[in-house]
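# Tertiary structure, described
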Amino acid sequence: MHPPISEAAEPISDEDQVSRAYFEIPGEIDPESHFPFGYDNKADERGESVYWRKYVPLIAGVHERGCRLELVKNDRRKDLGKATIKYTGARTAIVGAIRSIRTQRGHKFAVIHFPEEGDNAHAHILIEPAMGTRVGKLKSNDVRELVSLLVQQFGALDRHDCSTLGASVGVGSADQ
Amino acid sequence: MSNTKIFEDVKIRGTWYDEQGLLKTSPPFRKHTGRPRRKLAWAASLIAFSLIGMNVAATVYAPSPPAQATLVWPSPPTAAYTKQSLLESLLKIRRLGVDWTGYSGASPLEKSISAAERVLPQLPDIVADARAGVDGDGHVYLRLQQGEKVAYLTVEPRLIHLLYMEPGKPNIYIDDEQFKGKVLPSRIKQILAGNLIS
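Here the structure is a predicted model, which means the values were calculated and not measured.

### A short note on the packing of helix H3 (residues 79–94) of chain B against helix H4 (residues 110–119) of chain B
Residues and elements named next belong to chain B. Where H3 contacts H4, the axes come no closer than 10 Å and their chain directions differ by 165°. Classified by the interaxial angle, the pair formed by H3 and H4 is roughly antiparallel. Judged by the sense of rotation from one axis to the other, the crossing of H3 with H4 is left-handed. Facing H3, whose interface residues are Leu90, Ile93 and Arg94, H4 presents Glu110, Ile113, Ser114, Ala116 and Glu117. When grouped by side-chain class, the residues that make up the contact of H3 with H4 number 4 nonpolar, 1 polar and 3 charged.

Structure below.
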């Protein structure tokens, strides 16, 4: 069962694309860790954020959002004395390919529009467990299998270095 | 005085002769004008220049002595290298903090990392592309890949899980195997050893 969708949410067609903003992780760590799908017990879901390319037709718009996230998160981290993060680029997948994933135990993904904090491009990839299974009771192996199949649907990393971008932080400035 | 007498008087008879009623002069005598000498000079020049040319060619185009070539081939991956890769991953994971992927998420659990470090030496000797990762609950998993075959070993402090996938075959799932963080269950070890080439 998905959380209530806001009135502003629209259906996303299978032909559309979504992009995931990537942040730097050490090269020795498995890249599938980029999709943790941790359990959110308040929302009773396991999901990860992506950007719906209908509202971000240019990859520059995705990079702008990634750089803004880097800025915002690092401001908080510096205050807390934590290590900073670095946006490295984005990977893109076709929504239909994500929705077509089925594990051998019947689990799959949903891709839904989820406008958030004024950004109409925000969407979620949510784990949709097989009938009779609650998302909070999913086994580790099920999440591992889903992620293993999911990462294969994303294309190569479209690299970006935020230090080369003129600091444009406003939403939508690169969406034209 | 007759013309004949003039010739005799000036003693030029040797230089004049009468051939077919014509006066013909004999060519003046010159030193070093014989054809054999010219031929000799030419031959000597030819030999000299040939020798010079051959010497130059021998110097310029002489094959260089064979150099000692050093080829460094990448050493074939080994089971020890597989375990070393996993160890390096775990060391990096230990230094990660909260939201380390850039998104909200659990930090890696120290007990899970320690349990994975204890499991590492107990893994069968297999050669694989191997890395460790962290799942959304902060637990460490070890990914071992050989071509299209892949095994995931998720290590919680007290439970361990195995997922083995190979195209065209049913997956192998071992969920929630009791573990206590110390000894790798033998059936997991057997599955890994039986499906991944050492």
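From this point, things continue past the structure.
### A short note on the pattern of salt bridges
Applying the stated criterion across every chain, the model contains 17 salt bridges over all chains. Between Arg105(A) and Asp142(A) there is a salt bridge, with its nearest N and O atoms 3.1 Å apart. With Arg105(A) in the loop between helix H2 (95–99) and strand E5 (108–113) and Asp142(A) in helix H3 (residues 140–151), this residue pair connects regions lying 37 residues apart in the sequence. Given a relative accessible area of 28%, Arg105(A) falls into the partly exposed group. With relative accessibility at 3%, the residue Asp142(A) sits in the buried group. The residue Glu117(B) makes a salt bridge to Arg94(B) at a minimum N-O spacing of 2.4 Å. On the criterion of sequence distance, the pair formed by Glu117(B) in helix H4 and Arg94(B) in helix H3 is long-range, its members being 23 residues apart. Look at Glu117(B) and you get partly exposed, because its relative accessible area is 24%. Using a relative accessible area of 32% as the deciding quantity, one classes Arg94(B) as partly exposed.

### A look at the interface of chain A and chain B
Taken together, the contacts link 32 residues of chain A with 35 residues of chain B. Interface area for chain A against chain B, summed over the two sides, is near 2,800 Å², with a carbon-plus-sulfur share of 48%. Of all residues in chain A, Glu28(A), Asn141(A) and Arg144(A) give up the largest surface area on contact with chain B, accounting jointly for 22% of the area buried on that side. At the junction of chain A and chain B, the tally comes to 4 salt bridges. One salt bridge connects Arg46(A) with Asp137(B), and the closest N-O pair in it is separated by 3.7 Å. Our count for the chain A to chain B interface comes out at 20 residue pairs in polar contact (both at pLDDT 80 or more). Among the elements of the structure, strand E1 (17–23), strand E3 (45–52), helix H1 (59–79) and H3 of chain A are those that each provide at least two residues to the side of chain A that touches chain B. Among the elements that make up the side of chain A that touches chain B, the one with the highest residue count is H3(A) (6 residues). Here the residues of the side of chain A that touches chain B are counted per class, giving 10 nonpolar, 8 polar and 14 charged.

### A word on the pairing of strand E4 (residues 140–146) of chain B
All names here are of chain B. Summarising burial for E4: 6 of the 7 residues are buried, a large majority. Remark: 5 residues form the turn of the hairpin made by strand E3 (residues 129–134) and E4, two consecutive strands paired antiparallel; glycine 138 in that turn has positive phi of roughly 85°. Taken together, the 7 bridges between E4 and strand E5 (residues 149–155) define a ladder with antiparallel strand orientation. Considered in E5, the bridge of leucine 142 is made with leucine 153. Once E4 ends, the chain turns through 2 residues before running back antiparallel as E5, passing glycine 147 with a positive phi of about 60°.

### So, the sheet that holds E3(B)
Strand-to-strand pairing in sheets goes through backbone hydrogen bonds, with the strands running parallel or antiparallel. Residues and elements named next belong to chain B. Read across the sheet, 5 strands follow the order E3-E4-E5-E6-E7 without closing on themselves; strand pairing throughout is antiparallel. The open sheet has two edge strands, E3 and strand E7 (172–178), and neither has a second partner. Across the sheet, the axes of successive neighbouring strands diverge by a mean angle of 15°, strand direction being ignored. Pairing geometry for E3 and E4, over 6 bridges, is antiparallel.

### Notes on the state of the cysteines
Residue and element names in this part refer to chain A. Applying the stated criterion to the full structure yields 1 disulfide over all chains. Paired by a disulfide, cysteine 67 and cysteine 162 hold their sulfur atoms 2.1 Å apart. Taking the sign of the S-S torsion, -95° for the link of cysteine 67 and cysteine 162, the bridge is left-handed. Taken together, the positions of cysteine 67 in helix H1 and cysteine 162 in the segment after strand E7 (158–159) put the pair 95 residues apart, joining distant regions of the chain. Like cysteine 67, the residue cysteine 162 is buried in the burial classification.

Conventions we followed
Along each chain, the written sequence defines residue order, and numbers are assigned to residues from 1. Labels follow written order: the first chain is A, the first ligand is 1, and so on. Owing to the predicted nature of the model, reporting of local features is limited to residues with pLDDT of at least 70; listing and counting of side-chain atom pairs is limited to 80 or more, with chain, interface and lining totals taken over all residues. Neither water nor hydrogens contribute to the side-chain values; these are computed over all heavy atoms in the structure. Angles here are taken between N-to-C directions and fall from 0 to 180 degrees, while the axes themselves are lines fitted to C-alpha atoms, restricted in helices to the stretch in contact. Working definition: helices are DSSP H or I runs of at least four residues, strands are E runs of at least two. Numbering for both runs from the N terminus. Reported orientations rely on four angle classes, namely roughly parallel under 35 degrees, roughly antiparallel over 145, roughly perpendicular from 65 to 115, and oblique for the rest. Handedness of each helix crossing follows the sense of rotation of the near helix against the far helix: counterclockwise by less than a right angle gives left-handed, clockwise gives right-handed. Residues count as neighbours in contact if any of their non-hydrogen atoms are within 4.5 Å of one another. Under the scheme applied, nonpolar residues are Ala, Val, Leu, Ile, Met, Phe, Trp, Tyr, Cys and Pro; charged residues are Asp, Glu, Lys and Arg; polar residues are all the others, including Gly. The rule for a salt bridge is simple: a side-chain nitrogen of Lys or Arg has to be within 4 Å of a carboxyl oxygen of Asp or Glu. Throughout this description, buried means an accessible area under 20% of the type-specific maximum (1.4 Å probe, protein chains only), exposed means over 50%, and partly exposed covers the range between. Reported buried area values correspond to the accessible surface (1.4 Å probe) lost by two parts on association, with both partners' losses combined. A 3.5 Å cut-off defines polar contacts: any pair of N or O atoms within that distance qualifies, except that in protein one atom must be a possible hydrogen donor and the other a possible acceptor, and neighbouring residues in sequence count only when both atoms are side-chain atoms. A pair of strands counts as paired when DSSP detects no fewer than two bridges linking them. Cysteine sulfur atoms that come within 2.5 Å of each other are treated as a disulfide pair.

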